[in-house]
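Topology and contacts: notes
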Amino acid sequence: MDIVIPSAASIGLFAVAAALLLLTPGPAVLFIVARSVEQGRIAGLASVFGITTGTLVHVLASTLGLSALLASSALAFAIVKYAGAGYLIYIGVRRMLRRTDAQASPSKLPKRTLGRLYRDGFIVNLLNPKTALFFLAFLPQFVDPARGAVPIQIAFLGLMFTFMGLTSDALYALVAGTAGVWVKRQSRYWDWERYVTGGVFIGLGVTAALAGGRK
């Protein structure tokens, strides 16, 4: 029996969208950078593995939940997609309008054991609205029910996102851990970060809404 996965075009577009989201600073990235700066690369990588575990929980939830929703009601599925797209745009605008939070930048943090860092990373990403919104509002745009095996398509894209996230987060940890002193001094970065972050969220929301409309 052939394993059905999304088309090559869908996979390519999904990879680009996922990369944009993963490279955009959010709670998980800020957590990794802060821990790497204060405790080094190993501490950063421990945080990354915890965050990756949290992502796998989102993958499982989306595979079960979105598949069941699509099977039960196409209308309900469409409502979830459009509501999610609208909320992505909303949080993008809100992020751009909000003043920089000084606490978001890496600052002096208490030391943590590797086990504690793993646990904290897991909780951070489990409760990360950016990750949850991506799976709920954006990932479904790349699933083609006509190809069949919807759970497999969702799981495939989810695991692809997880692997990409593990790679990008590990790079953040290694760079921040190596250049910790330099990162601490880049206060200007936090002045314009909100515009980049907000712009990416707005772009993802608009893309999700237009993709849904074409379908």
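What this report covers is the structure whose coordinates are included nearby.

Reading guide: rules and limits
Residues numbered from 1 in each chain as written. Predicted model: local features only at pLDDT ≥ 70, side-chain atom pairs only at ≥ 80, totals over all residues. Heavy atoms only, no water. Phe/Tyr/Trp six-rings, centres within 6.5 Å; stacked < 30°, edge-to-face > 60°. Helix = DSSP H or I, 4+ residues; strand = E, 2+ residues; numbered from the N terminus. Buried < 20%, exposed > 50% of the residue type's maximum accessible area, 1.4 Å probe, protein only. Axes fitted to C-alpha atoms, helices over the stretch in contact; angles between N-to-C directions. Parallel < 35°, antiparallel > 145°, perpendicular 65-115°, else oblique. Left-handed = near helix turned anticlockwise from the far one by under 90°. Contact = heavy atoms within 4.5 Å. Core = buried A, V, L, I, M, F, W, Y, C linked by side-chain atoms within 4.5 Å.

**Section: the packing of aromatic side chains**
Under the criterion given, the structure shown has 2 aromatic pairs. Judged by centre distance (5.4 Å) and plane angle (75 degrees), the ring pair of Phe14 and Phe142 falls under edge-to-face. Pair noted here: Phe14 is in helix α1 (residues 8-23) and Phe142 is in the loop between α6 (129-138) and α7 (150-178), with a separation of 128 residues, a long-range link. On the numbers, 5.4 Å between centres and 80 degrees between planes, the contact of Phe135 with Phe161 is edge-to-face. One end of the pair, Phe135, is in helix α6; the other, Phe161, is in helix α7, and 26 residues separate them in sequence. Its relative accessible area of 2% is what places Phe135 among the buried residues.

**Structural notes on the packing of helix α2 (residues 27-39) against α7**
Contact geometry of α2 with α7 gives a least axis separation of 8 Å together with a crossing angle of 30 degrees. Put simply, α2 runs roughly parallel to α7. Relative to α7, α2 is oriented so that their crossing is right-handed. Contacts from Val29, Ile32, Val33, Ser36 and Val37 of α2 reach α7 at Asp169, Tyr172, Ala173, Ala176 and Gly177.

**With respect to the nonpolar core**
Among the nonpolar cores identified, the biggest contains 18 residues, and Phe14, Phe134, Leu139, Val143, Leu157 and Phe161 are the most heavily contacted of them. Examining the composition of this core, we find that 6 residues originate from one element, α1, more than from any other. Ranked by size, the runner-up nonpolar core spans 6 residues in total, among them Ala28, Phe31, Val48 and Ile51.

No statement about biological role is implied by the geometric values presented.
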